[in-house]
Amino acid sequence: MCSSDLAKRRCQPVPAGTAPSSSAAIAQALSELPGWTLENQKICKTFNFRDYAATLAFVNAVAGIATAEDHHPDMCFGYNQCHVSYHTHSIGGISDNDFICAAKIEALPH
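Described below are features of the structure shown in this document. Everything quoted here is computed from the prediction, not taken from an experiment.

Rules and cut-offs
- Residues numbered from 1 in each chain as written.
- Predicted model: local features only at pLDDT ≥ 70, side-chain atom pairs only at ≥ 80, totals over all residues.
- Heavy atoms only, no water.
- Salt bridge = Lys/Arg side-chain N within 4 Å of Asp/Glu carboxyl O.
- Helix = DSSP H or I, 4+ residues; strand = E, 2+ residues; numbered from the N terminus.
- Buried < 20%, exposed > 50% of the residue type's maximum accessible area, 1.4 Å probe, protein only.
- Pairing = 2+ DSSP bridges.
- Axes fitted to C-alpha atoms, helices over the stretch in contact; angles between N-to-C directions.
- Polar contact = N/O pair within 3.5 Å; in protein donor to acceptor, adjacent residues only side chain to side chain.
- 1 Å grid on protein atoms, 1.4 Å probe; cavity = no way out; pocket = protein on both sides within 12 Å on 5 of 7 lines; lining within 4 Å.
- Points joined across faces, edges and corners; volume = space filled by probe spheres on them.
- Nonpolar A, V, L, I, M, F, W, Y, C, P; charged D, E, K, R; others polar.

### A short note on the pattern of salt bridges
Counting across every chain of the model gives six salt bridges. One salt bridge connects Arg9 with Asp96, and the closest N-O pair in it is separated by 3.5 Å. Residue Arg9 is found in the loop between α1 (3-8) and α2 (23-31), and its partner Asp96 is found in helix α4 (residues 96-106); the two are separated by 87 residues along the sequence. Taking relative accessible area as the criterion, Asp96 reaches 42% and is therefore assigned partly exposed. Of the charged contacts, one joins Glu69 and Arg10 as a salt bridge, the two residues approaching to 2.8 Å between their closest N and O atoms.

As structure tokens, this is what we get:
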């Protein structure tokens with residue numbers, strides 16, 4: 001499945017007890033998401049921008065995705081950089097929702 005297909009999907013509730021994505025599924029999905037990596041059971045990417053205003057616009061756009069999908073990342077940002085990481089809290093690992101949101105972020109202008 002390519003990232004544009006993922007970006008068209010919607011997040012679904014992931015009940016506690018659901019198995020996290022397998023290592024093979026994570027590797028396959030990350031191959032479709034340029035620059036995203038697996039770190040400490042989270043998928044992560046750092047985005048760079050020309051200035052604070054561009055960074056803040058990106059942060060707000062990601063917040064919009066998070067609100068619409070009811071799936072929220074951890075973000076750390078400064079003057080010209082934003083680090084985004086996703087994992088599914090309810091299962092303590094990676095789910096399809098993490099990849100769906102990452103693909104939606106990839107579709108943003110940045």
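### Quick word on the sheet that holds strand β4 (residues 81-86)
One open sheet accounts for four strands, arranged β1-β2-β4-β3; its pairing is antiparallel. The open sheet has two edge strands with one neighbour each: β1 (37-39) and β3 (74-77). Within the sheet, the average angular offset between the axes of one strand and its neighbour, ignoring direction, is 30°. Here β1 pairs with strand β2 (residues 42-48) via three bridges, running antiparallel. Among the inter-strand pairings, Thr37 is bridged to a residue of β2, identified as Cys44.

### What about the side chain of Thr55?
Following the sequence through the fold, Thr55 ends up in helix α3 (residues 52-69). In this structure Thr55 comes out as buried when scored by relative accessible area, which is 0%. A polar contact is formed between the side chain of Thr55 and the backbone oxygen of Asp51, at a distance of 3.0 Å.

### Here we look at the layout of surface pockets
Estimates place the volume of the largest pocket at around 190 Å³. Surrounding the largest pocket, 13 residues form its lining, Gln12, Pro13, Asp70, His71 and Asn97 being those nearest its centre. Split into classes, the residues belonging to the lining of the largest pocket amount to three nonpolar, eight polar and two charged.

### A look at the pairing of β3
As judged from the four bridges shared by β3 and β4, these two strands associate in the antiparallel manner. If you follow Cys76 over to β4, its bridge partner there is His83. Linking β3 to β4, which pair antiparallel, is a turn of three residues.

These figures capture arrangement, not role.
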